[in-house]
Amino acid sequence: MIIWVTIGLSAAAMGTLAVFFTSVLGWANRAFHVPVDPRIEACAEALPGANCGGCGFVGCREYAAAVVCDAEPVDRCVVGGQSCTEALAAIMGVDPTPSLPYRPVVHCGAHTADRLLRAPYHGEPTCAAANLVTGVQGCTYGCLGFGDCQRACPFDAIHVIDGLATVDYTRCVGCGACARACPRNIITMAPFKAERILAVACSNKDSGKDVRRVCEVGCIGCKACQRACSLFTVQDNLPSIDYDAYCPDDLGDAIRAMEKCPRHCIVAVGKPSAKDLAALGDEQLPDVVAPDFKTTVDDTEWRG
Amino acid sequence: MTYFVDILLIALGAALINNFVFYYFVGICPFIGVSRRVEMAFGMGCAVTFVMTIAAAISWTMTRFVLMPGAPLTRWAAGLWLDPQAAAGVDLSILSYIVYIFAIAASVQFVEMYLRRFLPLLYRSFGVFLPLITTNCAILFACLTIMSRLVGVDDPAARWDLAQALALALFGGVGFTLAIVIMAGIREELEACDVPAPFRGVPIALVVGGILAMAFMGFTGVDNGLKTALTPPAAIVAQAPQADSGNGASTP
């Protein structure tokens, strides 16, 4: 008898509690109701969800909220690209503006061997720290090669190869993390009107004589490119390309300027061209790649 | 007077001397997880304090009137079917864990709704850690401590009342807030330190937690000293014969 009373009372106690909490929470749900625009959910669904911050917002959700609430342009997502822009435009009922893919361009072409007046540096192995010290290398504009961009990249698309940050355009989605990480601001985001575009691979604004002293390949400001093609403007001993006027189908003058450059500072960057792929075509690639501890262990170092 | 001293000592004990985090090592999950920024840590501490107080109030009420052996409501309800002798023996304390978890989950849900409505920034910065308060052992620990002061205590005068239970929960929460804010302050500084790679992140946080816990051991014994200092001599004299007659010993 007592066992049945205990069971009955337990059930009654739990039932009463359940009714009590249900009513309190039900009231709270109505009293504290937050109306959420369903379009925010839809926009957040349409975005890639990488939270890379390439749009200038903290994460994809914040951008979705800004698109819906503050009428932010729908083409900000560099990762999602055109399809994402179209999806957002469909949700918001606006016309999608054609958005060019923006990709990082490293404005330096000097590998370790090309950089002169280098001194041994044993400090914190980051560009941000090395940039505070004078005399790490002669060139005060160019890539330091300690890989802040490599660590910042969430897509493993930029690597320091032979002392120079090199973008892997087949992996890059254009979030801009490397450009923000570079303490020397030599990585800029350029509109890629074609798979491969021309870019200036130097950032040194010093006179030709000073550049020759610190770099084997740096731009000496000879203005040969400016004379050959109207796309180039030399200012502060450094050419820049007018990407607004850049037309990938009509590059005759620009190619000539590229060939004229005595230091070969004007380079084509982007996904590998058909010629590059053809050159790699007859290379024998192994079917199975054996793990190698030199490449597979993480590159964090003991710095105690 | 002694009653207020008692409350004060419970509060002080929960907040500093027997700090939930540093003395009992409960509630480590949010202590490690949400202690990266001081503002977030403070918000987390406030949320835990609030949930702990609400859950303690519900737990005390349920334990005192329904769950403990011989609780008045249960005895009355059982008396409808059983004779008074048997009714007094009905024991619902098996339900205690379920009831406590139930109360904690409901209060967390309530806090979540409140924050989403009135403090959306804090709500977003909490993220997954807010629902995780539900399984925060610090809160269940507070409920179980309160239960241990009700169930199995034979002397009715020694059973905790609601004020004592609330003092434990509120100041236990304050102690948790204190601990997590101190921790967050240290971890903000740690960001700038060159910590050896194997210790980065959680390991060094646990090391810091251990050192902090040792620092908090310095409070041990403060409660006894305070009790002696705050209890008027008359009360000691009045209590002494009772204690003597109680245990039969003749300690002066």
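A.B. asks: Please give an account of the overall build of chain A that cites residues and values.
C.D. replies: The secondary structure content of chain A amounts to 12 helices and 8 strands. Here chain A holds 304 residues, and 38% of them are scored as buried. If you take every contact in chain A between residues at least 6 apart in sequence, the share linking residues at least 24 apart comes to 61%. For chain A, the computed accessible surface area is about 17,300 Å², with 57% contributed by carbon and sulfur atoms.

A.B. asks: Describe in detail helix α9 (residues 137–148) of chain B, supporting the description with residues and values.
C.D. replies: Residue and element names in this part refer to chain B. The end-to-end C-alpha distance of α9, which contains 12 residues, comes to 16 Å, matching closely the 16 Å that a straight helix rising 1.5 Å per residue would cover. By the burial criterion, the buried members of α9 are Ala138, Ile139, Leu140, Ala142, Cys143, Thr145, Ile146 and Met147. Looking at the buried positions of α9, the neighbouring elements they touch are α3 (38–67), α6 (96–118) and α10 (162–190). With a side-chain oxygen lying 2.8 Å from the backbone nitrogen of Ala138, the N-terminal cap of α9 falls on Asn136.

A.B. asks: Which residues make up the packing of α3(B) against helix α4 (residues 72–79) of chain B, and what values go with them?
C.D. replies: Residues and elements named next belong to chain B. In the contact formed by α3 and α4, the axes pass within 5 Å of each other and the chain directions differ by 35°. The residues of α4 that touch α3, namely those facing Arg64, Phe65 and Val66, are Pro72, Leu73 and Thr74. Partitioned by chemical class, the residues of the contact of α3 with α4 number 4 nonpolar, 1 polar and 1 charged.

A.B. asks: So, the pattern of salt bridges: which residues are in play, and what are the values?
C.D. replies: Residue and element names in this part refer to chain A. For the coordinates displayed, the defined rule picks out 8 salt bridges over all chains. Put simply, Arg76 and Glu72 hold a salt bridge, and the shortest N to O gap is 3.0 Å. Of the residues examined, Arg76 reaches a relative accessible area of 32% and is grouped as partly exposed. Between Asp156 and Arg171 there is a salt bridge; the shortest N-O distance is 3.0 Å. Linking Asp156 in the loop between α6 (148–152) and β2 (158–161) with Arg171 in the loop between β3 (164–167) and α7 (177–181), this pair joins segments that are 15 residues apart in sequence. Since its relative accessible area comes to 42%, Arg171 is described here as partly exposed. A network of salt bridges, in which partner residues are shared, links Asp156, Asp168 and Arg171.

A.B. asks: Tell me about the packing of aromatic side chains, and name the residues and values.
C.D. replies: Inspection of every chain in the model, using the stated rule, returns 19 aromatic pairs over all chains. Relative to B:Phe102, the ring of A:Phe21 has its centre 5.3 Å away and its plane inclined at 85°; by these criteria the two rings are edge-to-face. Here B:Phe102 lies in helix α6 and A:Phe21 lies in helix α1 (residues 2–31), a pairing that spans two chains. The class of A:Phe21 is buried, set by a relative accessible area of 6%. For B:Phe102, a relative accessible area of 29% gives the class partly exposed.

A.B. asks: Describe in detail the environment of A:Cys127, supporting the description with residues and values.
C.D. replies: Assignment of secondary structure puts A:Cys127 in helix α5 (residues 127–130). In the structure, A:Cys127 is positioned 17 residues away from A:Leu144 in sequence and 6.1 Å away in space, judged by C-alpha atoms.

A.B. asks: How would you summarise a nonpolar patch on the surface if you had to cite specific residues and measurements?
C.D. replies: On the surface, A:Met1, B:Phe65, B:Leu73, B:Trp76, B:Leu80 and B:Trp81 cluster together into a nonpolar patch covering about 730 Å² of accessible area. Here A:Met1 is to be found in the segment before α1. Take A:Met1: its relative accessible area is 58%, and that puts it in the exposed class.

A.B. asks: Hey, could you go over the interface of chain A and chain B for me, with residue numbers and the actual values?
C.D. replies: Residue-level contacts link 25 residues of chain A with 32 residues of chain B. The largest contributions to the chain A side of the interface with chain B come from A:Leu9, A:Phe21 and A:Phe32, which together make up 24% of the buried area. Linking chain A with chain B are 0 salt bridges, by the criterion used here. The interface formed by chain A and chain B contains 0 residue pairs in polar contact (both at pLDDT 80 or more).

A.B. asks: With reference to specific residues and values, describe the layout of surface pockets.
C.D. replies: Empty space left among the atoms is revealed by rolling a probe the size of a water molecule over them. Taken as a whole, the largest pocket spans an internal volume of roughly 660 Å³. Looking at the lining of the largest pocket, the elements that each hand over two or more residues are α1 (2–17), α9, α10 and α12 (222–230) of chain B. The element contributing the most residues to the lining of the largest pocket is α1(B), with 5 residues. Residues of the lining of the largest pocket, tallied by class, amount to 10 nonpolar, 5 polar and 6 charged. The computed volume of the second largest pocket comes to approximately 480 Å³. Counting residues per element, the ones that place at least two in the lining of the second largest pocket are α2 (38–46) and α3 (60–69) of chain A together with α7 (120–126) of chain B. The leading source of residues in the lining of the second largest pocket is α3(A), at 4 residues. Looking at side-chain class alone, the lining of the second largest pocket contains 8 nonpolar, no polar and 6 charged residues.

A.B. asks: Mind laying out the state of the cysteines, listing which residues take part and the relevant values?
C.D. replies: Taken as a whole and assessed by the stated rule, the structure comprises 0 disulfides over all chains. Looking at the unpaired A:Cys225, the closest cysteine sulfur is the one in A:Cys222, lying at 6.2 Å.

A.B. asks: Give a description of the side chain of A:Ser10 that names residues and reports values.
C.D. replies: Secondary-structure assignment places A:Ser10 in helix α1. A relative accessible area of 10% means that A:Ser10 is categorised as buried. Ignoring sequence-local partners within four residues, the contact set of A:Ser10 consists of B:Leu92 and B:Leu95.

A.B. asks: Which residues make up unusual backbone geometry, and what values go with them?
C.D. replies: All names here are of chain A. The phi torsion at Asp156 lies on the positive side, around 55°, for a residue other than glycine. Taking relative accessible area as the criterion, Asp156 reaches 40% and is therefore assigned partly exposed. Of note, Asn185 is a non-glycine position whose phi angle comes to about 55°, a positive value. Relative to the helices and strands, Asn185 is located in the loop between α7 and β4 (187–191). Look at Asn185 and you get exposed, because its relative accessible area is 58%.

A.B. asks: Describe the packing of α3(B) against α9(B), listing the residues and the values that go with them.
C.D. replies: Residues and elements named next belong to chain B. Orientation of α3 relative to α9, taken along the N-to-C sense of each, is 30°, at an axis distance of 9 Å. Classified by the angle their axes make, α3 and α9 are roughly parallel. Considering the relative orientation of α3 and α9, their crossing is right-handed. Contact residues: Val48, Val51, Met52, Ala55, Ala56, Ser59, Trp60 and Thr63 in α3; Ala138, Ile139, Ala142, Cys143, Ile146 and Met147 in α9.

A.B. asks: Lay out the environment of B:Phe102 in plain terms, naming residues and giving numbers.
C.D. replies: Each C-alpha atom, one on B:Phe102 and one on B:Thr134, is 9.1 Å from the other, the two residues being 32 residues apart in sequence. Once residues lying within four places of it in the same chain are set aside, the contact partners of B:Phe102 are A:Met14, A:Leu17, A:Ala18 and A:Phe21.

About the criteria used
Residues numbered from 1 in each chain as written. Chains lettered and ligands numbered in written order. Predicted model: local features only at pLDDT ≥ 70, side-chain atom pairs only at ≥ 80, totals over all residues. Heavy atoms only, no water. Helix = DSSP H or I, 4+ residues; strand = E, 2+ residues; numbered from the N terminus. Buried < 20%, exposed > 50% of the residue type's maximum accessible area, 1.4 Å probe, protein only. Contact = heavy atoms within 4.5 Å. Areas by Shrake-Rupley, 256 points an atom, 1.4 Å probe, with all protein chains shown as cover. Expected span 1.5 Å × (residues − 1). Polar contact = N/O pair within 3.5 Å; in protein donor to acceptor, adjacent residues only side chain to side chain. Axes fitted to C-alpha atoms, helices over the stretch in contact; angles between N-to-C directions. Nonpolar A, V, L, I, M, F, W, Y, C, P; charged D, E, K, R; others polar. Salt bridge = Lys/Arg side-chain N within 4 Å of Asp/Glu carboxyl O. Phe/Tyr/Trp six-rings, centres within 6.5 Å; stacked < 30°, edge-to-face > 60°. Patch = residues over 30% accessible without salt bridge, like charges linked within 9 Å, V, L, I, M, F, W, Y side chains within 5 Å. Buried area = accessible area lost by both parts, 1.4 Å probe. 1 Å grid on protein atoms, 1.4 Å probe; cavity = no way out; pocket = protein on both sides within 12 Å on 5 of 7 lines; lining within 4 Å. Points joined across faces, edges and corners; volume = space filled by probe spheres on them. Disulfide = S-S within 2.5 Å. Parallel < 35°, antiparallel > 145°, perpendicular 65-115°, else oblique. Left-handed = near helix turned anticlockwise from the far one by under 90°.

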